[in-house]
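The lines below spell out each chain.
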Amino acid sequence: MPSASQDTPEAAVVASAPGRCGIIGNPTDMYGGSVLSCTIAERGYVSIRPADRLTLESDQGVVTIRSRDDLRQRGDHFDVLRAVISQQQCLGMKAHFTCWSDVPTGSGLSSSSSLVVAALYALISYQGRAMSKYFFAETARGIELNDMGVICGYQDFYMPTFGGLNYMEFRDKEFYREVHSEPYAAVESLTPLVPELPFVLAHTGVEHRADVVHRPIRERWLEGERHVVQAYVEIGRLAREGKKALLEADWAHLGRLMNENHAIQRDLGGSGEENERLIAAALRNGALGAKLAGAGDGGTIIALHPEPEVLGSQLQQAGASRILQPRPVAGARLEESAVDTPAPVAGTFARTAE
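Along each chain, numbering runs from 1 in the same order as the chain's sequence is written. Reporting of local features is limited, given that this is a predicted model, to residues whose pLDDT is at least 70; pairs of side-chain atoms are given and counted only at 80 or more, and all residues count toward the totals for whole chains, interfaces and linings. Here the side-chain values reflect all heavy atoms present in the structure, with hydrogen atoms and water set aside.

*Asks:* Would you explain the overall build of the protein in this entry?
*Replies:* Helix numbering and strand numbering both begin at the N terminus, where a helix is a DSSP run of H or I of at least 4 residues and a strand a DSSP run of E of at least 2. Assigned secondary structure in the protein consists of nine helices and 12 strands. For each residue, the accessible area found with a 1.4 Å probe, counting protein chains only, is set against the maximum for its type, and the residue is called buried under 20%, exposed over 50%, and partly exposed in between. In the protein, which comprises 354 residues, the share counted as buried stands at 59%. For this analysis, residues touch if any pair of their heavy atoms sits within 4.5 Å. Expressed as a percentage of contacts within the protein between residues at least 6 apart in sequence, the contacts between residues at least 24 apart total 76%. Of the accessible surface of the protein, which amounts to about 13,800 Å², a share of 48% is contributed by carbon and sulfur atoms. Surface exposure here means Shrake-Rupley accessible area, sampled with a 1.4 Å probe, where a residue is shielded only by the protein chains that are shown.

*Asks:* Got a minute to help me understand helix H4 (residues 155-162) in this structure?
*Replies:* In an α-helix there are 3.6 residues to a turn, and that puts residues three or four apart on one side. Most of H4 is tucked away, with eight of its eight residues classed as buried. At the C-terminal side of H4, Gly-163 shows a positive phi close to 75 degrees.

*Asks:* Honestly, the packing of aromatic side chains in this entry has me stumped. Any pointers?
*Replies:* For any pair of aromatic rings, the description consists of the separation of the ring centres together with the inter-plane angle of the planes. Aromatic pairing here means that ring centres of Phe, Tyr or Trp (its six-membered ring) are within 6.5 Å. Orientation follows from the plane angle: under 30 degrees is stacked, over 60 is edge-to-face, and everything else is tilted. All chains considered together, the criterion is met by 13 aromatic pairs. Centroid distance Tyr-154 to Tyr-176: 6.1 Å. Interplanar angle 75 degrees. Geometry classified as edge-to-face. Of this pair, Tyr-154 sits in the loop between helix H3 (133-147) and H4 while Tyr-176 sits in the loop between strand S6 (165-169) and strand S7 (186-189); the two residues are 22 residues apart in sequence, bridging distant segments of the chain. On the basis of relative accessibility, which here comes to 18%, the residue Tyr-176 falls in the buried class. Summarising the aromatic geometry, the rings of Tyr-158 and Phe-162 are spaced 5.8 Å apart at their centres and angled 10 degrees between planes, so their arrangement reads as stacked. Taken together, the residues span about one helical turn, with Tyr-158 and Phe-162 both in helix H4 at a distance of four residues. The same class applies to Tyr-158 and to Phe-162, which are both buried. One aromatic cluster in this structure is built from Tyr-134, Tyr-154, Tyr-158, Phe-162, Phe-170, Tyr-176 and Tyr-184. Cation over ring: Arg-218 sits above Tyr-176, and NZ or CZ is 3.8 Å from the ring centre. Counting as a charge over the ring demands two things of the Lys NZ or Arg CZ atom: a distance within 6 Å of the ring centre and an angle within 35 degrees of the ring normal.

*Asks:* How should I be thinking about the nonpolar core in this particular structure?
*Replies:* Nonpolar side chains tend to gather and get buried jointly when the protein is soluble and globular. Val-46, Phe-97 and Leu-246 are the most contacted members of the largest nonpolar core, which totals 90 residues. Broken down by element, the residue count for this core peaks at 11 residues, all from helix H2 (residues 111-126). Ranked by size, the runner-up nonpolar core spans 14 residues in total, among them Val-200, Ile-279, Ala-290 and Ala-320. The term nonpolar core refers to a set of buried residues drawn from Ala, Val, Leu, Ile, Met, Phe, Trp, Tyr and Cys, joined through side-chain atoms within 4.5 Å.

*Asks:* Would you explain the side chain of His-96 in this entry?
*Replies:* In this structure, His-96 sits in strand S5 (residues 95-101). Side-chain polar atoms of His-96 contact the side chain of Thr-98, separated by 3.4 Å. Contacts of His-96, omitting those with residues within four sequence positions, involve Ser-47, Ile-48, Arg-49, Ala-51, Thr-55, Glu-57 and Val-62. Pairing of N or O atoms within 3.5 Å defines a polar contact, subject to two protein rules: one partner must be a possible hydrogen donor and the other a possible acceptor, and residues neighboring in sequence count only if both atoms are side-chain atoms.

*Asks:* Please clarify how the sheet that holds strand S9 (residues 289-292) should be interpreted in this entry.
*Replies:* Either a parallel or an antiparallel arrangement is found when strands of a sheet pair, and the pairing is made through backbone hydrogen bonds. If you walk across this open sheet you meet the four strands as S9-S10-S8-S11, and the pairing is antiparallel. Unpaired on one side and paired on the other, S9 and strand S11 (322-324) mark the two borders of the sheet. The mean angle between the axes of side-by-side strands here comes to 25 degrees, regardless of whether they run parallel or antiparallel. Angles here are taken between N-to-C directions and fall from 0 to 180 degrees, while the axes themselves are lines fitted to C-alpha atoms, restricted in helices to the stretch in contact. Along the sheet, helix H7 (residues 251-267) makes contact with strand S8 (199-203), S9 and strand S10 (300-304), crossing S9 at roughly 35 degrees. The strands that helix H9 (residues 308-317) touches are S8, S10 and S11; relative to S8, the one it contacts most, it runs at about 15 degrees. DSSP calls a pair of strands paired once it identifies at least 2 bridges connecting them.

*Asks:* What exactly am I supposed to notice about the side chain of Asp-156 here?
*Replies:* Within the element layout of this structure, Asp-156 appears in helix H4. A polar atom in the side chain of Asp-156 sits 3.1 Å from the side chain of Ser-110.

*Asks:* Help me out: how do you make sense of unusual backbone geometry in this one?
*Replies:* Glycine aside, negative phi is the norm for most residues, and most peptide bonds take the trans geometry. In this structure, Pro-27 follows Asn-26 across a cis peptide bond, with omega equal to 10 degrees. Of note in this structure, Ala-249 is not a glycine but carries a positive phi near 55 degrees. Checked against the element boundaries, Ala-249 lands in the loop between helix H6 (226-247) and H7. For Ala-249, a relative accessible area of 39% translates into the label partly exposed.

*Asks:* Looking at this model, I keep getting lost on the pairing of S6. Mind explaining?
*Replies:* Residues in a regular strand project their side chains so that they alternate between the two faces of the sheet. Of all five residues making up S6, four are buried, and the element is well covered by its neighbours. In this sheet, S6 lies alongside strand S2 (residues 34-50) in antiparallel orientation, the contact comprising five bridges. Looking at S6, one finds that Ser-37 is bridged to Asn-166. Relative to S7, S6 runs antiparallel, the two sharing four bridges. Bridge pairing in S7 places Asn-166 opposite Ser-189.

*Asks:* Would you explain the confidence of the model for the protein in this entry?
*Replies:* Keep in mind that low pLDDT regions are not for reading the predicted coordinates in detail. How sure the predictor is of each residue is captured by pLDDT, a score from 0 to 100. For the protein, per-residue confidence averages 91 on the pLDDT scale, and 90% of positions sit at 70 or higher. Long-range and interchain partners of residues 3-8, a stretch whose pLDDT sits below 50, account for six contacts in this model, where long-range means more than four residues apart. With pLDDT under 50 throughout, residues 343-354 is counted as low confidence; its partners more than four residues away or in other chains account for 58 contacts.

*Asks:* Can you help me understand the pattern of salt bridges in this one?
*Replies:* Two side chains that carry opposite charge are able to pair once their charged atoms sit near each other. Criterion for a salt bridge: a side-chain nitrogen of Lys or Arg within 4 Å of a carboxyl oxygen of Asp or Glu. Across all of its chains, the model carries 17 salt bridges by this definition. When the shortest N-O distance is used, the salt bridge between Asp-156 and Arg-20 registers 2.6 Å. Separated by 136 residues along the polypeptide, Asp-156 in helix H4 and Arg-20 in strand S1 (residues 13-24) bring together distant segments of the chain. With a relative accessible area of 3%, Asp-156 lands in the buried category. For Arg-237, the salt bridge identified is with Glu-234, shortest N-O distance 2.7 Å. Linking Arg-237 with Glu-234, this pair stays in helix H6, spanning three residues, or about one helical turn.

Structure (structure tokens):
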């Protein structure tokens, strides 16, 4: 996390944070469970530079923030910036915020969460403040949950913050307490221990709002529906077993566990027609396992295959709109220079939780 510096910065900052894919265990990060997750190379970006008033820029243009009312959520591409500025009580800032992303929108790869993390990191860096990584991840999640009103998981914020390939446990974090009352997740980096990641990600091309997928199942869980409660206990167990399989490079076993994970989530209503079509194509072409990489009803699947590049080509032929790979990369960071950063481009922005 950034260390303290001048109170009144004179130079712009650019921060970024990566998207992520759930290998196994998702979505039990919302239910006190365990998740094995990896970042992707694609990132969300936010820049801040001094200005004579508070303005926000995205692929939809520029807006000026003059009052508290201007920070209300409007369902547009400025909402992430509005939420971060509101939660951090920065209405009086004189600065220009710009956001953009190369994480596919509505893909189930934490497109909006990576932007929340990038925006918060840029802001505290610009102001010369510091936060621990754990408190930072919890704060970022609180922004999307409380200020944006989106039901979302914890891995969506821990992964863009910490980066890499991680095994995470979320014990006692299922009831969404206030950020200062939340216990921290347990984050174990497996990056140096796993030299090979034979996975491929295939985006269905269907954008989704994860909140729409998660909310009805979460309501059933909160009501104590036995089937849902037991399902997420079992998926958490699969993640713990999957960690061992990954560390031992037992790909056949890990593939079986991924298939079990998906079967449970599908039976709860958490998948979708396009997800099932690509998963079937992956398995038909030799994948050892295939499942949702995030929420279903569109978004992205992850498949385990001895030759992921070959499978990626086959999934493109089967209709996948984009092929990506899990890649352990750095979490939230400052970019080296604010000069010559890419301008926002239409279609390269995400605002809803994945």
